[in-house]
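# Architecture at a glance
Given next are the chains, with one letter for each unit.
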Amino acid sequence: GIPLEEIPVKMNHNKFLKPFELIVGTYGIPRYSAIDPTLFVAISFLLMFGAMFGDIGHGLVFVLAGIMMLWRMRGPSKQAGALLAYIGLSSILFGFLYGSFFGIEFHPLWIKPMDDVFVLFRVCIAFGITLLTAGIFINIANFGINKNMRSLLFDKSGLFSGLIYWAGIGLIAGLLARPAGIYVKLTAILFGIGIVTIFANSVIEAIQHKDGMLVGFIEGLLHIFEITMGYLANTVSFIRISAFALNHFGFFMTIFAISDMLKNADMSVLSLPFVILGNIFVLFLEGLVVMIQCLRLNYYEFFSRFFVSGKRLYNPLTLKTSPKNIKQYLS
């Protein structure tokens, strides 16, 4: 039969999800018979961008720019315009949650990032855990679809590796709670089961491949180290969402502080232009950096858990001719 990676892949999404194919396609083409992550990317990308760049005014600018691109552009550029409009709507939503309009603060619907730093940190870590968990489940499902049971159980994003991750999170949460109680003992047992199972599988594989028990022992230790450190690093990486949200407000604090200094130095004529230029700077430079961070978190923390690439998209042959020529061919 034809290898799975050689089978052309058809990306078939509705109008809302179509622009997010640009993000997935930049990383690779999801292999035939694997789960397409476009829906997950649409949710995660919009949430992360809005959380890092929450401002009603800047969101409106993005929406207007996106509508202009939708009106004037064709093909991929038109899809990029739709994507720009979407992230603008996300920025507007988080602008209301944070209470910010072109850097001017008002009473937020949720929190003020600079005043509720630890709340923001916790939410971002919880979001990271949720996204990594989704990646593990997608990976397990992909191996299940392809009937690869060993990888389903023992892959670095397989069932037992996931057990180590989830039990580790539970163990940390239990130790931070007071009193910890039996909850810590149960999660510690589950964590130990995951560690022992992964280690034993590495030793068995080494013996089966005639590499020897010592090699298997070393590989098992390295495998466990890779899993634990990898998940820890991936989870902590989501703190950057809160860091960029704080950075966004930090820029505005600096801009308005300098604007006030200009007023106090009898240069009030320069105060408003400086605020406008500061907003333009934040809009373009920080907007670009935040978009790159959203791509990075999706690609390196999420996609790396499960993504298997195919080689090419499905492009059906089309016959371009007029009804008159068709009648001639049929006669």
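Residue numbering note: each chain is counted from 1, following its sequence as written. At least 70 in pLDDT is required for a residue's local features to be given in this predicted model, at least 80 for side-chain atom pairs to be given and counted, and no such filter applies to totals for whole chains, interfaces and linings, which use all residues. As a convention, hydrogens and water are excluded, and side-chain values are obtained from all of the structure's heavy atoms.

The next subject is the overall build of the chain. Counting its secondary structure elements, the chain contains twelve helices and two strands. Secondary structure follows DSSP: runs of H or I at least 4 residues long count as helices, runs of E at least 2 residues long count as strands, and numbering of each begins at the N terminus. Reading the helices (α) and strands (β) of the chain from amino to carboxyl end gives α-α-α-α-β-β-α-α-α-α-α-α-α-α. Only the C-alpha atoms count toward the radius of gyration. The rule for a globule is 2.2 Å times the residue count to the power 0.38. Compactness check: the chain gives a C-alpha radius of gyration of 25 Å against a globular reference of 20 Å for 331 residues, more than 25% above the reference. Projected onto the principal axes, the alpha-carbon positions of the chain cover approximately 85 × 80 × 30 Å. Relative to its 331 residues, the chain shows a buried fraction of 41%. Pairs of residues are marked as contacts when any of their non-hydrogen atoms sit within 4.5 Å. At a minimum sequence separation of 6, the contacts of the chain that also span at least 24 residues come to 70%. In summary, the charge assignment counts Lys and Arg as positive and Asp and Glu as negative, without counting His or the chain termini. For this purpose, a charge sits on NZ of Lys, CZ of Arg, CG of Asp or CD of Glu. Side-chain charges in the chain split into 24 positive and 17 negative, and the spacing between the mean points of these groups amounts to 13 Å. A 1.4 Å probe rolled over the protein chains alone gives each residue an accessible area, and that area as a share of the maximum for its type sets the label: buried under 20%, exposed over 50%, partly exposed in between.

Here we come to helix H7 (residues 159-176). The first and last C-alpha atoms of H7 sit 26 Å apart over 18 residues, in line with the 26 Å expected at 1.5 Å per residue. Among the residues of H7, Phe160, Ser161, Gly162, Leu163, Ile164, Tyr165, Ala167, Gly168, Gly170, Leu171 and Gly174 are the ones counted as buried. Considering only its buried residues, H7 is in contact with helix H5 (117-145), helix H6 (149-154), helix H8 (182-208) and helix H9 (213-236). The span expected for a helix works out to 1.5 Å for each residue beyond the first.

On to the pattern of salt bridges, then. Salt-bridge detection follows one rule: a side-chain nitrogen of Lys or Arg within 4 Å of a carboxyl oxygen of Asp or Glu. Applying the stated rule across the entire model yields four salt bridges. The partner of Lys18 in a salt bridge is Glu21, with the nearest N and O atoms 3.4 Å apart. Given a relative accessible area of 31%, Lys18 falls into the partly exposed group. Given the relative accessible area of 15%, Glu21 is considered buried. Its salt-bridge partner being Glu205, residue Arg150 comes within 3.5 Å of it at the nearest N-O pair. Residue Arg150 is found in helix H6, and its partner Glu205 is found in helix H8; the two are separated by 55 residues along the sequence. Look at Arg150 and you get partly exposed, because its relative accessible area is 33%.

Its location among the elements puts Ala173 in helix H7. With a relative accessible area of 40%, Ala173 lands in the partly exposed category. Residues Ala173 and Val184, spaced eleven residues apart in sequence, show a C-alpha to C-alpha distance of 8.5 Å.

With that settled, consider a nonpolar patch on the surface. Nonpolar side chains collect at one region of the surface, where Leu60, Phe96, Phe101, Phe106 and Leu109 lie side by side and expose about 460 Å² of accessible area between them. Position of Leu60 relative to the elements: it lies in helix H3 (residues 56-72). With a relative accessible area of 38%, Leu60 lands in the partly exposed category. Grouping into patches uses exposed residues only, defined as over 30% relative accessible area, and leaves out salt-bridged ones; the cut-off is 9 Å for like charges and 5 Å for nonpolar side chains (Val, Leu, Ile, Met, Phe, Trp, Tyr). Per-residue and other accessible areas were derived by the Shrake-Rupley procedure at a 1.4 Å probe size, with only the shown protein chains allowed to occlude residues.

Further remarks concern the packing of aromatic side chains. Ring geometry is summarised as follows: Phe, Tyr and Trp rings, the Trp one being its six-membered ring, pair when their centres sit within 6.5 Å, and such pairs are stacked at plane angles under 30 degrees, edge-to-face over 60 and tilted between the two. By the definition in use, this model includes 28 aromatic pairs. Between Phe20 and Tyr86 the ring centres are 5.7 Å apart and the planes differ by 5°, which places this aromatic pair in the stacked class. Of the two residues, Phe20 is situated in the segment before helix H1 (21-27) and Tyr86 in helix H4 (residues 76-98); the sequence distance between them amounts to 66 residues. The residues Phe20 and Tyr86 share a single accessibility class, namely buried. Centroid distance Phe49 to Phe53: 5.6 Å. Interplanar angle 45°. Geometry classified as tilted. Grouped by ring-pair contacts, the aromatic residues Tyr27, Phe40, Tyr299, Phe302, Phe303, Phe306 and Phe307 constitute a single cluster.

Reading predicted coordinates in detail is not appropriate for stretches of low pLDDT. Think of pLDDT as the predictor's per-residue confidence, scored from 0 to 100. This prediction gives the chain a mean pLDDT of 91; 94% of its residues lie at or above 70. Per-element confidence in the chain ranges from a low mean pLDDT of 60 for helix H12 (residues 323-330) to a high of 97 for helix H2 (residues 38-52).

Looking now at the packing of H5 against H9. Note on geometry: axes are C-alpha line fits, over the in-contact stretch for helices, and angles between N-to-C directions span 0 to 180 degrees. Running from amino to carboxyl end, H5 crosses H9 at an angle of 130°, the nearest separation of the two axes being 8 Å. What the angle tells us is that H5 and H9 run oblique. Here H5 contributes Ile125, Ile129, Leu132 and Ile136 to the contact with H9, which in turn contributes Tyr231, Asn234, Thr235 and Val236. Our angle categories are set so that under 35 degrees counts as roughly parallel, over 145 as roughly antiparallel, 65 to 115 as roughly perpendicular, and the remainder as oblique.

For our purposes a nonpolar core is just a set of buried Ala, Val, Leu, Ile, Met, Phe, Trp, Tyr and Cys residues, chained together by side-chain atoms within 4.5 Å. Tyr98, Ile241 and Phe303 are the most contacted members of the largest nonpolar core, which totals 62 residues. Of the residues forming this core, the biggest block, nine residues, is contributed by H5. Residues contacting Tyr98, with those up to four places away along its chain left out, are Gly50, Ala51, Gly54, Pro108, Trp110, Ile111, Lys112, Pro113, Leu120, Ala245 and Phe249.

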